[in-house]
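As a plain string of letters, each chain reads:
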Amino acid sequence: MTNTVTKLALAGAMALTAFGANAADKLTLQLKWVTQAQFAGYFVAKDKGYYEAEGLDVDIKPGGPNIAPEQIIAGGGADVIVDWMGAALAAREKGVPLVNIAQPYKNAGLEIICPADGPIKKVEDFKGHTIGVWFYGNEVPFFALANKHGLKTEGGPDGIKILQQSFDVQPLIQKQADCIHVMTYNELGQAYDAGYTADKLTVFSYTDMGENLLEDGLYALEPNLKDPAFKDKLVRFVRASMKGWTYAKDHPEDAADIVIDNDTTGAQTKEHQLYMIKEVAKLLGDSTGVLDEAAYARTEKAVLDQKIITKKPEGAWTHDITDAALK
Amino acid sequence: MTKPSFFRDSVVPVLTVIAAIVVLWYVAALFMNHSTVVAEAQLKGLAFTPSATWYRSWALDKPLLPAPHQIVAELWRSTAGLAITSKRSLVYHGWVTLSATLLGFLLGTLFGILLAIGIVHQKVMDKSLMPWIIASQTVPILAVAPMLIVVLNAIGISGLLPKALISTYLSFFPVVVGMVKGLRSPEAIHLDLMRTYNADDFKVFTKLRWPASVPYLFASLKVGIAISLIGAIVGELPTGAAAGLGARLLSGSYYGQTIQIWAALFAAAFLAGLLVLVVGWSERLVMRLMGARPERRAA
Amino acid sequence: MLLLVLAAILGIALGISWLCVYLVHLGERLPATRRFIDFAVPLLFGVMLITEWELVTRGFGVPEILLPAPSVILVAAANALPTLWEDVVQTFVKSVLSGYVVGCGLGFLAALIINRSGFLKRGLLPLGNFVSALPIVGVAPIAVMWFGFDWQSKAAVIVLMTFFPMLVNTEAGLAAAGHMERDLMRTYAATWGDEMRRLRLPAAWPFIFNALKINSTLALIGAIVAEFFGAPTYGVGFRISTEMGRMNTAMVWAEIGVAAILGSTFYGVIALFERRVTFWHPSVRKGQR
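Residues numbered from 1 in each chain as written. Chains lettered and ligands numbered in written order. Predicted model: local features only at pLDDT ≥ 70, side-chain atom pairs only at ≥ 80, totals over all residues. Heavy atoms only, no water.

Colleague: Please clarify how the overall build of chain A should be interpreted in this entry.
Modeller: A tally of regular secondary structure across chain A gives 14 helices and ten strands. For chain A, the spread of C-alpha atoms along the principal axes amounts to about 85 × 45 × 40 Å. In chain A, the share of contacts with a sequence separation of at least 24, taken over all contacts with a separation of at least 6, comes to 80%. Carbon and sulfur atoms make up 54% of the accessible area of chain A, which totals about 13,100 Å². Separation between the mean location of the 33 positive side-chain charges and that of the 45 negative ones in chain A comes to 3 Å. (Helix = DSSP H or I, 4+ residues; strand = E, 2+ residues; numbered from the N terminus. Contact = heavy atoms within 4.5 Å. Areas by Shrake-Rupley, 256 points an atom, 1.4 Å probe, with all protein chains shown as cover. Lys, Arg positive; Asp, Glu negative; His and termini not counted. Charge placed at Lys NZ, Arg CZ, Asp CG, Glu CD.)

Structure follows, in structure tokens:
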């Protein structure tokens, strides 16, 4: 009786391993925010079968306001994450050895907007006024900007009063803040809808001011990069993802539809996602996913100057993956 | 003495109060949305007649205070107007939240009752645990929830259970507090009587303490189930706000869709009210089975 | 090495538990030591928890951004005392206390009004159920939209959260006076005010304190959660949220610790008042277990 059971168990195990050998490689991607066109490339790559064609079975996990992708990857909940360079460098110093493996977003979409008929006309006018700032890793560019212009951020008549801004444009509409942060592809559209069209806004674009820090990039853990099998998975992943981004850029309507299909909350609207994908296309620029060293250097310097990190980071990015992916 | 009638005694008062609130609400919406309407008109260069401005307060896309009919319309659209399995349906999201709530509530109640029994019977547990149980509730769960979920995912527990555990964490406290008070509520004279019967702790528990604590238990259960719902909603946030009423609430607030927020809020509150009602009915059933008589209308 | 850590963890757990049991029995035999023992046992238990925490995080090499060791947290807290104090003033003194007083006061008054009118009671209670079930993560952004970023919106959220438990418990308390006692009041031709003052309110105190205790923790949690959704750059909730985003988990836990101590002290003060006012209730009377 036991003999038969053992034989059956062995047979079953062997059958399972046979299946395992044919199964695609699993990979988990943790997004920086909720399912929206900001991450269209990855959803397109999944839906259009680009990942499957590379032999990958990708699980895309959406993020949200209380989710720090750096924590998720440190806890083993993801293999690769979407993150901003400032936050990734900070995490690296805290003991999470993140390495940038690809940089799809060439330009930064972060902006500060103020009503055109308000008191703020240039950065120096921030003094003595209230500015809405996002935290959770998104505050680094602002503090770097304030630092550069010698503006204090503690409030009072000489400094800037900071409001922890939520993820909408209410503070501007309710006049609770003189200026707020927006992403060109999301909140700016909400401001437009509320009646604050471009001619009614004074816009401080971080890119125009030369203060743009690297935004959406792909990161993995350094120890994992030493494993050639894992590295190969990443190469295939980056290749398929960039293919997804190219498709998304060229077919915004399709991409918006795919994003809506993947949105489990049912809260996204087609028109907003279409707006978002068109703006994101501008941020992607002509990037093939390769990290621009000058942009990295600027980000690293801003983060060091602002004392977000105390030591110059070593090995925070690599071109290995993108080189292999674009071959 | 007039016969008690369900309609006159329960339905009419509630309806009257609701009607009064609805009227007040429309008036409030008028005033609160007025500035938004005026600002919008200025921005878009539109001219509104004064009365049209007032009417527009009740028809804004993203009002500060949505008018009741807007909320009802949104609720109807997302429940009856959609297939139950659609990702936009509030019924679907409500079910996701409800499953985590019920599991967490069950675990929390069980845990709370066991803890209370231990505290009442074992002095050591009473002295060492009670202060820490109280302190545990002061830890803001919304802050700990993301860390908790990350840690649980790291050991392989994901999906329903982490959210349910947050509900458990929140709901066990009212149960413990209520049950401890309830298990200790029998009068000294009754406990002395049990002593004269040579009853051991177990008999005292089953025959005296437990029956005496039932009213306290149900009061705590009502609080507990509402809190479990809130815990389930809170638990949805760190999991990427993928599904559930909490996810709906949050995504509504990202995109400034105030009507969506209010609709989800009402759906959650309605669900909680329903759950508390169910607990109330089971309380009456249990009390009747235990032989309690409905109290005569007090003078 | 791991075995050593495991042995230490088990050893400390068993050792301190044994000590607690011993102390409790000692307290029963020597009544003079009882007050000291009441204080020492929970303290010992807490010490055990913290030591086990330290052993687990250090011994098993748990990464700091997942769970920092207590020693790390203490160091972070010691370095950030002014910040912690500023946060406490913003959250506790300004938001919690004002919201708590207003919320409980309104709940109490509403219960008195309802007590006079059976009609209102049957109409308002089901709705109160509904209002109290509004999830705070939905109410908080709306409160910030209406009342601004400062402490007023947090106080508004607290009022909403504490109103209903206070109402329900006061209402239950007012109904708790026995029929015989109420009939006695009628024979004295007592007015509604007299009956309230001499019979119903005193009988209601256990229930009211129940609500006050529940509300004390609710209020603190409400303020902290509300701060997640918009705050000036200080406050316990704000600090927790932003430091979490910067992965300074040690600071996050330091703030959580401060919140826990605050909440426990608040609860303890109310419990002290309860013991004095409701000395007659069986659960408070000594010698009854």
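Colleague: It is not clear to me how unusual backbone geometry should be interpreted in this structure. Could you clarify?
Modeller: Of note in this structure, Asn198 of chain B is not a glycine but carries a positive phi near 60°. Locating Asn198 of chain B in the fold gives a position in the loop between helix 8 (188–196) and helix 9 (201–236). For Asn198 of chain B, a relative accessible area of 70% puts it in the exposed group. Positive phi values are uncommon outside glycine, yet Ala189 of chain C reaches one of about 55°. A residue is classified by how much of its surface remains accessible, and Ala189 of chain C, at 66% relative accessible area, is exposed. (Buried < 20%, exposed > 50% of the residue type's maximum accessible area, 1.4 Å probe, protein only.)

Colleague: Quick question: what am I supposed to make of the interface of chain B and chain C here?
Modeller: Interface size is commonly expressed as the accessible surface area that is lost when the partners come together. Each partner contributes residues to the interface: chain B has 61 residues there, and chain C has 55 residues. Of the roughly 5,500 Å² buried where chain B meets chain C, counting both sides, 77% is carbon and sulfur surface. Where chain B meets chain C, there are three salt bridges. Here Glu28 of chain C ties to Lys123 of chain B by a salt bridge, and the two come within 3.9 Å at their closest N and O atoms. There are two residue pairs in polar contact (both at pLDDT 80 or more) connecting chain B and chain C. For the side of chain B that touches chain C, the elements supplying multiple residues, two or more each, are helix 1 (6–44), helix 5 (123–137), helix 6 (141–154), helix 7 (160–183), helix 8, helix 9, helix 10 (245–254) and helix 11 (258–289) of chain B. Top element by residues in the side of chain B that touches chain C is helix 5 of chain B. It accounts for eleven residues. Among the residues making up the side of chain B that touches chain C, the classes are represented as 45 nonpolar, six polar and ten charged. (Buried area = accessible area lost by both parts, 1.4 Å probe. Salt bridge = Lys/Arg side-chain N within 4 Å of Asp/Glu carboxyl O. Polar contact = N/O pair within 3.5 Å; in protein donor to acceptor, adjacent residues only side chain to side chain. Nonpolar A, V, L, I, M, F, W, Y, C, P; charged D, E, K, R; others polar.)

Colleague: Hey, could you run me through the interface of chain B and chain A in this one?
Modeller: Each partner contributes residues to the interface: chain B has 30 residues there, and chain A has 32 residues. With both chains or domains summed, chain B and chain A bury close to 2,500 Å², and 53% of this area falls on carbon and sulfur atoms. Taken together, the connections running from chain B to chain A amount to zero salt bridges. Here chain B is connected to chain A by zero residue pairs in polar contact (both at pLDDT 80 or more).

Colleague: Explain the sheet that holds strand 7 (residues 161–164) of chain A here, please?
Modeller: The pairing of strands in a sheet comes from backbone hydrogen bonds and takes either a parallel or an antiparallel form. Spatially, the three strands line up as an open sheet ordered 6(A)-7(A)-1(C), and their pairing is mixed. In the strand order of this sheet, the two ends are held by strand 6 (130–133) of chain A together with strand 1 (231–232) of chain C, each with one partner. Direction of pairing for strand 7 of chain A relative to strand 1 of chain C: antiparallel, over a ladder of two bridges. Looking at the pairing, Gln164 of chain A lines up with Ala231 of chain C of strand 1 of chain C. (Pairing = 2+ DSSP bridges.)

Colleague: Help me out: how do you make sense of the sheet that holds strand 8 (residues 180–183) of chain A in this one?
Modeller: Residue and element names in this part refer to chain A. The three strands are arranged 8-5-9 in an open sheet whose pairing can be described as antiparallel. In this open sheet, the two strands that pair with only one neighbour each are strand 8 and strand 9 (201–205). On average, each strand axis in the sheet is inclined to that of its neighbour by 35°, with strand direction left out of account. Bridging between strand 5 (residues 110–115) and strand 8 involves four bridges; their strand directions are antiparallel. In the sheet register, Ile113 faces strand 8, and the bridge partner there is Ile180. (Axes fitted to C-alpha atoms, helices over the stretch in contact; angles between N-to-C directions.)

Colleague: Help me understand the pairing of strand 3 (residues 80–83) of chain A, please; the structure alone is not making it clear to me.
Modeller: Every regular strand shows the same layout, with side chains that alternate between the two sheet faces. Residues and elements named next belong to chain A. Side chains Val80 and Val82 project from strand 3 onto one buried face, and the interleaved Ile81 and Asp83 project onto a second face that is buried too. Here two bridges tie strand 1 (residues 25–30) to strand 3, and the two strands are oriented parallel to one another. Note that in strand 3 the partner of Gln30 across the bridge is Ile81. Relative to strand 10 (residues 217–221), strand 3 runs antiparallel, the two sharing three bridges. Pairing of Ile81 across the sheet is with Tyr219, part of strand 10.

Colleague: For this particular structure, what's the right way to read the nonpolar core?
Modeller: Here is a general trend for soluble globular proteins: nonpolar side chains tend to be buried in one another's company. If you look at the biggest cluster of nonpolar residues, it comprises 133 residues, and the most contacted ones within it are Ile133 and Val176 of chain B together with Val96, Val137, Leu212, Ile240 and Ile256 of chain C. At 17 residues, the largest contribution of residues to this core is made by helix 9 (residues 192–228) of chain C. Ignoring anything within four residues of it in the chain, the contact list for Ile256 of chain C reads Val139, Pro140, Ala143, Val144 and Met147 of chain B together with Ile240 of chain C. Among the nonpolar cores identified, the runner-up in size contains 74 residues, and Trp33, Val34, Tyr42 and Ile321 of chain A belong to it. (Core = buried A, V, L, I, M, F, W, Y, C linked by side-chain atoms within 4.5 Å.)

Colleague: I tried to follow the packing of aromatic side chains on my own but got confused; where do I start?
Modeller: What characterises a pair of aromatic rings is the spacing of the ring centres plus the angle enclosed by the ring planes. All names here are of chain A. As enumerated under the stated definition, the model contains 19 aromatic pairs over all chains in all. Ring geometry for Tyr42 versus Trp245: centroids 5.5 Å apart, planes at 80°, classification edge-to-face. Of this pair, Tyr42 sits in helix 2 (residues 40–47) while Trp245 sits in helix 10 (residues 228–250), and the two are 203 residues apart along the sequence. This pair shows no difference in class: Tyr42 is buried, exactly as Trp245 is. The aromatic ring of Trp84 is capped on one face by Lys32, whose charged end is 4.9 Å from the ring centroid. (Phe/Tyr/Trp six-rings, centres within 6.5 Å; stacked < 30°, edge-to-face > 60°. Lys NZ or Arg CZ within 6 Å of the ring centre and 35° of its normal.)

Don't take any of this as a statement about function, it's just geometry.
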